Amino acid sequence: MQLIWDGPGLADATRVGHKFARQDVMRRAGLPVPEFCCLTGDAFAASTPPATPFPGPHARATELVTWANSNRDRVRRGAVPTHLAEPVLAAFDALAGPGGLVAVRACAVAAADGTGEDGVADPFAGLSDSYLYVRRDAVLARVVDCWASAYNPEAVIYRVRRGVDPTTVRVAVGVQRMVSGIRSFVAFTRDPRSGADRRVIAAAHGIGEGIVQEKADIDHFFVDGATGAIEIEAVCKATMVGPAPDRPGDGPVILPVPAECAQAPVLTAAEVHHICALAATAEELFGGPQDVEGAITDDGTIHLLQARPAVVAHRPTGAEVPWTNHNLTESFPGLTSTLTYSQARVFYQAGFTDFYRRMGVDDRSLRRNRHHLSRMIGYLDGQVYYRLDAWFALHGQIPGFDLMRPLWERSLGLTERTGVPRELAGRPWLRVLRAAPRLASLLVRQPHETRSFLRWWDALVADSASLDGSSADELIARYRHMWAEAERRWGITMVNSYFGLASLALTTVLLKRWVRDGEALLPRLVAGGRPNRTLASVRSAIALAELVNERPSLRDAALQRSEREVWDDITAGRHGAEVADAFARHLAAFGDRALHDLKLEVLTPRQQPWMILSTLRPFVTQRMTVAGAAADERRASTEARSTLREGCPNPLRRAVLGTLIASLRFFVKAREDTRFCRSQLYGISRDVLWRLADRLVDAGMLDEAGDVAHLRVEEVLGAFDGTLCDADLRGLALRRKAGLAASANRAALPAYFTTPAAVPVTIGLAARRDAGTGASVTDGVLRGLASSSGRVRGRARVVLDAATSPQSCADRILVARETDPGWLPLMMVAKGMVVERGSLVSHTAITGRLLGIPTVVAVVGASTAIPDGAPVEIDGGTGTVRLLSEAEFDAVAE
């Protein structure tokens, strides 16, 4: 049979090729595949002339191209035989109607053993021709063109390279109802760069050819395989591919994206999840990662047009370590000093050890996980990061964490797939029930424990109000005593965060369920009650501003003179004792609160008290008052409660919400109070360490006090304790200072990435995995999408025309604006590829992975930024393209 409409023959890859066989399998499984029929490989054999003598597998490329073109032209001069033409036209009418349109696509038929193009072992795409928006009067000619594509030069060269005799190839042709898609997508069921468990979708307005041929502007969607969390990398969309509005039958053309569609993501979250579900079904049907193409019509219906085995880059052996600074940048933004990191590491280890004990984790488990406690945060190229595998291992000891993990990840700001599996086996709810009595007891005791913590802390702060006159030994003793006590108590603050997160989750769920727009109401409902310490610091500053505004001379000085001069006048009593006392009280209570106050290299009002005046100036200018600010808070709280009464008339539900909101208000206050205590903990530590730094400068061990920022805490203390292994503190500080300066000149690491677990982290950073998100040029480095891993150096070959000789690209880095299958001869001889357009699922990216050469796509302006012949280094794993100097390039060559 040479034309198949239905039946088992349509799923036989040896008759219709893998492309159409897969479509039939998906259609029979209930997936939304448009109707189609197939002209089999037998029809090709019976309707086309046999190939002329083949010049042989060792022929030169020019000979192969000449042979291919000759045979393609011979096929094109033929026609569809009459006995097939009539059934094909009848099939057209049945599929699309006499005035409709179809797609006509070619696919090489599999060999008798099932091997062949688009199969598992050979998932190469783009070798055979396809034609879209085909009218009835053109369908027979397009069938002949598809037959002729058996001899496309790039297809012939590829098959010779694969050891396939090009004279034996047979081509099947599919005729399919044309879906008038207004949006299109290509979805991978696994990340094609690493094989990681996350879905990758490239989507564009218009039809799919815009994506795979790199002619449309593309949005990327990354979907966590376990949680379904979506990360979107959207661009401003200007171009798409679709039918010409006035002559759709003439085929696809480049079109402008409507202005109203330029900014919004191409897909909604619901559509992303629907596409992932369809792709997952295809993966299950075919037993491996899939590359699925589809279209969305104007009524929102999703259609699948084909699926093939995904070309997935080799995943390195061994686990990967996930890192993130989501949320952490609030405390340690940008580059952070060695001193701050070493102190933060102590804080996390000590505080969380106490927290886990309070949550019921036994000492044996803590000893077993001590190595994780010491590496909860890492120091990577001058930035502080959470090491997530350590956090998951440690938090996994808490009853119920597996159930709360998605909520915890969202609170952390984490949307990426971590690669750390959720352990939901072993009935996690049973663990929670067993721990319920302890958790309930902990919850009941928490208000008392929090008040006791604050009383202890306030007494310690009062005792540390002034360190003047303290010897080095006294400073160190005070510091060590403070941290020893903190190690026993600071877990209380984290228990508050734990219960606060649970309260927030439950309150949010009930508000959303019982009150219209209830979630938006929550912040105002939580406001009110006794002010927390952060709010108290703001009110104290406003009170000082009121005091300043009451005195015209002081107001003029505060707004016009230098802060240091004004402060000296205030402390000298030149503006009155009342003013001096008020500023002194504020400094004593809130002198450790400042911007970036957890970074020990940043000074606060405790060291430079005149900084207070810069905080006051906005309040002075706006003439803010404490009474006015408090009235605004009360008014907002009253309005929120009134809205709650209107939105939730049921008194029982309102009582439940009231109880939860009161609980949440307590935990919010407790969290802010203890966060303020944390600022003071770091503030006292800063004061001690900088005072010791002054002594090190006096001893000639540091050039200036600020250099203490480049030492570890134990190195500073060790200089006086006699525990230094390297007494050259000056040299250490200078080296680390230079290292931090070098980090400042490099691009910042992304918010989330992974490194190989089997190598030192500093080495692993070079092989980290993160999604490049748009190209930029900084210090000779261009950035794009990492598409095919590997690093290579070579001279650039900038190609703007595929007619360029392949020999000119040999052992060069191919640089182009965009590519298509016609570029295959050039790609096969290149050492690497850099392309301005493209996505993770574009032809360039797939070809790079297939050929195993480093590839970076979506590198904006690459063909103009990289001169032809320039030495470059590309890293297909990180998405970077670095322009080299001739000296750098020659040094490596030598």
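Everything numeric in this text was worked out from a predicted model, so none of it was measured.

### Observations regarding the confidence of the model for the chain
One rule of thumb: low pLDDT means the predicted coordinates there are not for detailed reading. Confidence along the chain averages 85 in pLDDT terms, with 88% of residues attaining 70 or more. A low-confidence stretch, residues 421-426 (pLDDT under 50), is modelled with seven contacts involving residues beyond four sequence positions or located in other chains.

### Quick look at helix α9 (residues 338-358)
Here α9 spans 30 Å end to end across 21 residues, near enough to the 30 Å set by a 1.5 Å rise per residue. With respect to burial, α9 is a largely interior element, 16 of its 21 residues being buried. Directly beyond the C-terminal end of α9, a positive phi value near 100° is found at Gly-360.

### What to know about the pattern of salt bridges
Going through the model one piece at a time under the given rule, you end up with 52 salt bridges. A salt bridge links Asp-458 to Arg-533; its shortest N-O distance comes to 2.7 Å. Of this pair, Asp-458 sits in helix α14 (residues 428-463) while Arg-533 sits in helix α18 (residues 533-549), placing them 75 residues apart in sequence. The shortest N-O distance in the salt bridge between Glu-565 and Arg-561 comes to 3.7 Å. Relative accessible area serves as the criterion here: at 41%, Glu-565 is assigned to the partly exposed category. Judged by relative accessible area, which is 33%, Arg-561 ranks as partly exposed. Linked through salt bridges whose partners overlap, the residues forming this network are Asp-468, Asp-592, Arg-606, Asp-687 and Arg-691.

### So, the sheet that holds strand β7 (residues 198-205)
Across the sheet, which stays open at both edges, the six strands sit in the order β9-β8-β7-β6-β12-β13 with antiparallel pairing between neighbours. Sheet topology places β9 (230-233) and β13 (302-309) at the edges, where each strand pairs with a single neighbour. Adjacent strand axes in the sheet meet at a mean angle of 20° when their direction is disregarded. When β7 meets strand β8 (residues 219-224), the two strands line up antiparallel, connected through six bridges. Note that in β8 the partner of Ala-203 across the bridge is Asp-219. Along the sheet, helix α1 (residues 13-28) makes contact with β12 (290-296) and β13, crossing β13 at roughly 130°.

### A word on the packing of aromatic side chains
Using the criterion set out here, one finds 27 aromatic pairs in the structure. Ring centres 6.0 Å apart and planes at 40° place the aromatic pair Phe-352 and Tyr-356 in the tilted group. In this pair, Phe-352 and Tyr-356 both sit in helix α9, four residues apart, roughly one turn of the helix. The pair formed by Phe-352 and Tyr-356 is uniform in burial state, with each residue classed as buried. It is Arg-142 that lies over the ring of Tyr-131; its NZ or CZ is 5.4 Å from the centre.

### Thoughts on the packing of helix α21 (residues 577-590) against helix α22 (residues 611-622)
For any two helices packed against each other, the geometry is given by the interaxial angle and the distance between the axes. Across the interface, α21 lies against α22 with an axial gap of 11 Å and an inter-helix angle of 105°. One way to sum up the angle between α21 and α22 is to call them roughly perpendicular. Mapping the contact onto sequence places Phe-583, His-586 and Leu-587 in α21 and Ile-612, Leu-613 and Leu-616 in α22. For the contact of α21 with α22, a count of residues per class yields five nonpolar, one polar and no charged.

Cut-offs used in this document
- Residues numbered from 1 in each chain as written.
- Predicted model: local features only at pLDDT ≥ 70, side-chain atom pairs only at ≥ 80, totals over all residues.
- Heavy atoms only, no water.
- pLDDT = per-residue confidence, 0-100.
- Contact = heavy atoms within 4.5 Å.
- Helix = DSSP H or I, 4+ residues; strand = E, 2+ residues; numbered from the N terminus.
- Expected span 1.5 Å × (residues − 1).
- Buried < 20%, exposed > 50% of the residue type's maximum accessible area, 1.4 Å probe, protein only.
- Salt bridge = Lys/Arg side-chain N within 4 Å of Asp/Glu carboxyl O.
- Pairing = 2+ DSSP bridges.
- Axes fitted to C-alpha atoms, helices over the stretch in contact; angles between N-to-C directions.
- Phe/Tyr/Trp six-rings, centres within 6.5 Å; stacked < 30°, edge-to-face > 60°.
- Lys NZ or Arg CZ within 6 Å of the ring centre and 35° of its normal.
- Parallel < 35°, antiparallel > 145°, perpendicular 65-115°, else oblique.
- Nonpolar A, V, L, I, M, F, W, Y, C, P; charged D, E, K, R; others polar.

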